[in-house]
Amino acid sequence: MSAYEPELGHMVFGNGWGEFGVPKQVGEMLYELAESLIDNINDDPVYGTEYVNDVFEMHPYYWGDCTCGFEDEEIEWEETHPHKSDCFHVKYERYIVELEQKGILPYGKTEREYNKLLKQFAKENGFKGLYGIAIYCDCGRDEEYEKWRETHDHKPDCPIVVPNFLYKPTGLAIYWYKYIGRDMSANQKIRLREFREIINYCLQSAEEDIKKASEKKNIQRAKKEQWKENKRAKGYICQDCVNFLEENHEGKVICFVYIKEEEKVTEDGLSVITTIPIPQDYKKECVDYIKFGS
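Residues numbered from 1 in each chain as written. Predicted model: local features only at pLDDT ≥ 70, side-chain atom pairs only at ≥ 80, totals over all residues. Heavy atoms only, no water.

A.B. asks: Even after reading the chapter, I still don't get the nonpolar core, so can you show me in this structure?
C.D. replies: Generally speaking, a soluble globular protein has its nonpolar side chains buried in company with each other. Among the nonpolar cores identified, the biggest contains 29 residues, and L30, L33, F56, F165, I174 and F195 are the most heavily contacted of them. When contributions to this core are tallied by element, the ones reaching two or more residues are α2 (24-37), β3 (56-58), β4 (165-167), β5 (172-175) and α7 (192-205). Among the elements that make up this core, the one with the highest residue count is α2 (6 residues). Those residues within four positions of F165 in sequence are excluded, and the remaining contacts are L30, L33, F56, E57, M58, L172, A173, I174, W176, F195, I198 and C202. Ranked by size, the runner-up nonpolar core spans 12 residues in total, among them I104, L118, F121 and A122. (Core = buried A, V, L, I, M, F, W, Y, C linked by side-chain atoms within 4.5 Å. Buried < 20%, exposed > 50% of the residue type's maximum accessible area, 1.4 Å probe, protein only. Helix = DSSP H or I, 4+ residues; strand = E, 2+ residues; numbered from the N terminus. Contact = heavy atoms within 4.5 Å.)

A.B. asks: Just to check I follow, could you spell out the sheet that holds strand β6 (residues 185-186) for this structure?
C.D. replies: Whenever strands of a sheet pair, they do so through backbone hydrogen bonds, lying parallel or antiparallel. The strand order across the open sheet formed by 6 strands is β1-β6-β5-β4-β3-β2, and the pairing between neighbours is antiparallel. What marks the edges here is a single partner per strand, and that holds for β1 (20-21) and β2 (51-52). Both β5 and β6 contribute to a ladder of 2 bridges, which runs antiparallel. When the sheet's bridge partners are listed, I174 is paired in β6 with A186. Sheet strands touched by α2: β2, β3, β4 and β5. Its angle to β3, the strand with the most contacts, is close to 90°. Relative to the sheet, α7 contacts β3, β4 and β5, its axis offset from that of β4 by approximately 90°. (Pairing = 2+ DSSP bridges. Axes fitted to C-alpha atoms, helices over the stretch in contact; angles between N-to-C directions.)

A.B. asks: What's the story with α2 in this structure? I'm lost.
C.D. replies: One turn of an α-helix holds 3.6 residues; hence residues three or four places apart share an orientation. Across its 14 residues, α2 extends 21 Å between first and last C-alpha, which sits within 8% of the 20 Å expected from 1.5 Å per residue. Listing the buried residues of α2 in full gives V26, G27, M29, L30, L33, A34 and L37. The arc that holds every buried residue of α2, seen down its axis, measures 165°, which confines them to one face. Relative to its buried face, α2 has exposed residues pointing more than 90 degrees away, namely K24 and E28. (Expected span 1.5 Å × (residues − 1). Arc of directions from axis to C-beta.)

A.B. asks: It is not clear to me how the pairing of β5 should be interpreted in this structure. Could you clarify?
C.D. replies: Strand residues, when the strand is regular, have side chains that alternate between the two faces of the sheet. Alternating positions in β5 separate into two faces, L172 and I174 on one and A173 and Y175 on the other, with burial throughout. Between the end of β4 and the start of β5, which pair antiparallel, lie 4 residues, with G171 showing a positive phi angle near 80°.

A.B. asks: Help me understand the packing of aromatic side chains, please; the structure alone is not making it clear to me.
C.D. replies: Aromatic rings in a pair are described by how distant their centres are and how their planes are angled relative to each other. Taken as a whole and assessed by the stated rule, the structure comprises 15 aromatic pairs. Each ring, one from F70 and one from W148, has its centre 5.9 Å from the other, and the planes form 25°; the classification is stacked. Linking F70 in helix α3 (residues 70-80) with W148 in helix α6 (residues 141-149), this pair joins segments that are 78 residues apart in sequence. Relative accessible area serves as the criterion here: at 2%, F70 is assigned to the buried category. Classification of W148 as buried rests on a relative accessible area of 14%. Arranged with centres 5.2 Å apart and planes meeting at 70°, the rings of F88 and Y136 form a pair that is edge-to-face. With F88 in helix α4 (residues 88-101) and Y136 in the loop between α5 (111-124) and α6, the pair connects residues that are 48 residues apart, well separated along the chain. Assessed through its relative accessible area of 0%, F88 is described here as buried. By way of ring pairs, the aromatic residues F88, Y95, F121, F127 and Y136 are connected into one cluster. (Phe/Tyr/Trp six-rings, centres within 6.5 Å; stacked < 30°, edge-to-face > 60°.)

A.B. asks: I tried to follow unusual backbone geometry on my own but got confused; where do I start?
C.D. replies: Peptide bonds are trans in most cases, and residues, glycine excluded, mostly fall at negative phi. The phi dihedral of K178 falls on the positive side, at around 75°, and the residue is not glycine. Here K178 is to be found in the loop between β5 and β6. With phi around 50°, D183 is a residue other than glycine that occupies positive phi space. Of note, D183 is situated in the loop between β5 and β6.

Below, the structure is given as structure tokens:
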């Protein structure tokens, strides 16, 4: 695969990424691995799972903060190394404020005018197009930052940079943004046939844990089906859908698809709208249930 460039969001949040792009089939195989390892039917394997053995590791995308102290060092560096006053970045930020003060915003009726003016501003100040305009620097400060980064980084065990998938025999590290398949990259070039063998070996190495996970999920599914049957028998769930219903003090089932609004005026003169579920008897059929995806 060719060289990889992360999504802007991925770049901003700072989680790790690799040098090479990844074929989409790799994501499908990693999903297969995650699905086998997960032992909770309510967990979605698309995010991966937390698992470590002697052959491989898998970790979901990390949403938390840096734990090794690097981000604090980086913030301190940025605060003590501002862009120069004549830097394009500083001019850009001032110009954005000017447009907003004039009511010219990057959305709604003024979006077209906003983009036109911003392109004109960029051209007049030596920058082509709009992609990357918000982070472009021409005062040398970013080059200085890159030099600083050569000797300053997260520690290898910081969850910000720990790979989402690590194959220990070869050191192959794979990263994704938020969920498996999105904005994926690796530290090595990946050949699909070889990666299929890697996944097979990982599955084999985790065979006992996968068996336990499967048994646990089967028990959970059986309990869920029993729960559904009990609820159906009591009239909480109709025969056509699995809707979460409640029983009110009159013994009637409440479906939150049926809601009425009541507007009341308080003593302070404030108008308050309250929503009240209307009791419905769904012991035979739930004809008005709105199914997901409809």
